[in-house]
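Tertiary structure, described
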Amino acid sequence: MGRLNDVGGLHEVTRLLAVRHGETAWNVDARLQGQLDVGLNDQGRAQAQRLAEALADEGLEAIVSSDLSRAHDTAQAVARRLGLPLVTDPGLRERHFGTFQGHTYAEVEQRWPEASARWKRREADFGAPGGETLQGFYDRVVEAVTRIASAHAGRHLLIVTHGGVLDCLYRAASRIALDAPRTWELPNTGVNRLLHTPQGLSLVGWGCVQHLQDTALDEL
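Every value quoted in this text rests on a predicted model; they were computed, and no experiment measured them.

1. Topic: the packing of helix H2 (residues 42-54) against helix H3 (residues 69-82)
Direction vectors running N to C along H2 and H3 enclose 40°, while the axes themselves pass 8 Å from each other. Between H2 and H3 lies a crossing of right-handed hand. Facing Ala48, Gln49, Leu51, Ala52 and Glu53 of H2, the residues of H3 in contact are Thr74, Ala77, Val78, Arg80, Arg81 and Leu82. Classifying every residue of the contact of H2 with H3 gives 6 nonpolar, 2 polar and 3 charged.

2. Section: the pairing of strand S3 (residues 14-20)
Here is the key point about a regular strand: its side chains alternate between the two faces of the sheet. Burial of S3 is extensive: 6 of the 7 residues sit out of reach of the surface. Sheet topology note: the S3/strand S7 (residues 191-197) ladder contains 6 bridges and is antiparallel. Counterpart to alanine 18 in the pairing with S7 is asparagine 192.

3. Details of the packing of aromatic side chains
Here the distance between the centres and the angle between the planes together describe a pair of aromatic rings. According to the stated counting rule, one finds 7 aromatic pairs in the structure shown. A centroid spacing of 5.4 Å and a plane angle of 35° characterise the contact between phenylalanine 100 and tryptophan 112, whose relative ring orientation is tilted. You can see phenylalanine 100 sitting in the loop between strand S5 (86-88) and helix H4 (105-111) and its partner tryptophan 112 sitting in the loop between H4 and helix H5 (113-120), a full 12 residues away along the chain. Of the residues examined, tryptophan 112 reaches a relative accessible area of 23% and is grouped as partly exposed. Aromatic ring contacts, followed pair by pair, group Phe97, Phe100, Tyr105, Trp112, Trp119 and Phe126 into a single cluster. Over the face of the ring belonging to tryptophan 26 we find arginine 31, whose NZ or CZ atom lies 6.0 Å from the ring centre.

4. Looking at unusual backbone geometry
In this model, alanine 30 sits at a positive phi of 55°, which is unusual for a non-glycine residue. Of note, alanine 30 is situated in the loop between helix H1 (25-28) and H2. The exposure class assigned to alanine 30 is partly exposed, which follows from its relative accessible area of 23%. Backbone geometry places arginine 122, a non-glycine residue, at a positive phi of 60°.

5. Side note on the confidence of the model for the protein
Here the protein averages 93 in pLDDT, and 92% of its residues register 70 or above. In the model, residues 1-10 has pLDDT below 50 throughout and makes 15 contacts with residues more than four positions away in sequence or in other chains. Note on residues 215-220: pLDDT under 50 across the span, and 18 contacts to partners over four residues away in sequence or across chains.

6. Focus on the side chain of asparagine 188
With respect to the helices, strands and loops of the structure, asparagine 188 is situated in the loop between helix H7 (163-174) and S7. Only 3.0 Å separates the side chain of asparagine 188 from the backbone oxygen of histidine 21, close enough to count as a polar contact. In this structure the side chain of asparagine 188 is engaged in a polar contact, spanning 3.3 Å, whose partner is the side chain of asparagine 27.

7. What about the nonpolar core?
One recurring pattern in soluble globular proteins: nonpolar side chains tend to sit buried together. Grouped together as the largest cluster of nonpolar side chains are 26 residues, with contacts concentrated most on Leu16, Val141, Val145, Leu157, Ile159, Leu169 and Leu201. Looking at this core, the elements that each hand over two or more residues are S3, strand S4 (62-65), helix H6 (134-151), strand S6 (156-161) and H7. Other than its neighbours up to four places away in sequence, leucine 169 contacts Ala18, Val141, Val145, Leu194 and Leu201. Listed in part, the 15 residues of the second largest apolar core include Leu55, Leu60, Ile63 and Val78.

Parameters and conventions
Throughout this document, residue positions are counted from 1 along each chain, in the order its sequence is written. Reporting in this predicted model follows two pLDDT cut-offs: at least 70 for local features of residues, and 80 or more for side-chain atom pairs to be given and counted; totals over whole chains, interfaces and linings ignore these cut-offs and use all residues. Hydrogens and water are ignored here; the side-chain numbers use all heavy atoms of the structure. Angles here are taken between N-to-C directions and fall from 0 to 180 degrees, while the axes themselves are lines fitted to C-alpha atoms, restricted in helices to the stretch in contact. Secondary structure elements follow DSSP: runs of H or I of four or more residues count as helices, runs of E of two or more count as strands, with numbering from the N terminus. Crossing chirality is assigned from the near helix's rotation relative to the far helix, an anticlockwise turn below a right angle marking it left-handed and a clockwise turn marking it right-handed. In what follows, residue pairs with any heavy atoms lying within 4.5 Å of each other are defined as contacts. Residues were grouped as follows: Ala, Val, Leu, Ile, Met, Phe, Trp, Tyr, Cys and Pro as nonpolar; Asp, Glu, Lys and Arg as charged; and all remaining residues, including Gly, as polar. A simple rule labels every residue: compare its accessible area, found with a 1.4 Å probe on the protein chains alone, to the largest value its type can have, and call it buried under 20%, exposed over 50%, or partly exposed in between. Paired strands, as defined in this entry, are two strands with at least two bridges between them according to DSSP. Only the six-membered ring of Trp is used, alongside the rings of Phe and Tyr, when aromatic pairs are assigned; centres must lie within 6.5 Å, and planes under 30 degrees apart are stacked while those over 60 apart are edge-to-face, with the rest tilted. Here, a charge over a ring means that NZ of Lys or CZ of Arg falls within 6 Å of the ring centre while also lying within 35 degrees of the ring normal. Known as pLDDT, the predictor's confidence for each residue is given on a scale from 0 to 100. Polar contacts here mean pairs of N or O atoms no more than 3.5 Å apart (in protein, one a potential hydrogen donor and the other a potential acceptor; neighbouring residues in sequence count only if both atoms are side-chain atoms). Definition used in this section: a nonpolar core is a set of buried Ala, Val, Leu, Ile, Met, Phe, Trp, Tyr and Cys residues joined via side-chain atoms within 4.5 Å.

Printed below as a string of structure tokens:
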């Protein structure tokens, strides 16, 4: 995309496709993965291949993914199809959920009811023991995506990441508070379109899963 005029002069606009990784067995089980390295299941690998075909004619110029395998392997399917190198960035990792990691949502509520209540209220200063606070996670995500987009200014970029990261990007682009309830979906390999300029992120489109419509999906 070319340069745009604004009051501050000329600046580059970066087009971002931000995609959640394919499905894992823990997605199906509603089990918190966080920064544990859980791989794709068969469905997730099939979703990654369908994503690669869907993005073949997008004119993508660069691909950056989280270094966790479920995101990396999803991105690698696209990179192979497009003949592009894949760069990983730990700044795109899912939120670290500390002691919650590896447990189902129901188990978290049962074992740590008070902490679970604070987590569900989306308290910005709360983090599970050993994990990131919501505010810290949000700041890390926005910094990472801003840095990556700025390094690819004016280009068309694919970012493959995680549900929590995408939630942060939606809020940043839509100017929605961290404690506001989420009303948007975060489907596995859903295609989300954003723009980045020096003024920040803006939302273009969200949650497109047209490439998956003829498959049975569990979008946990």
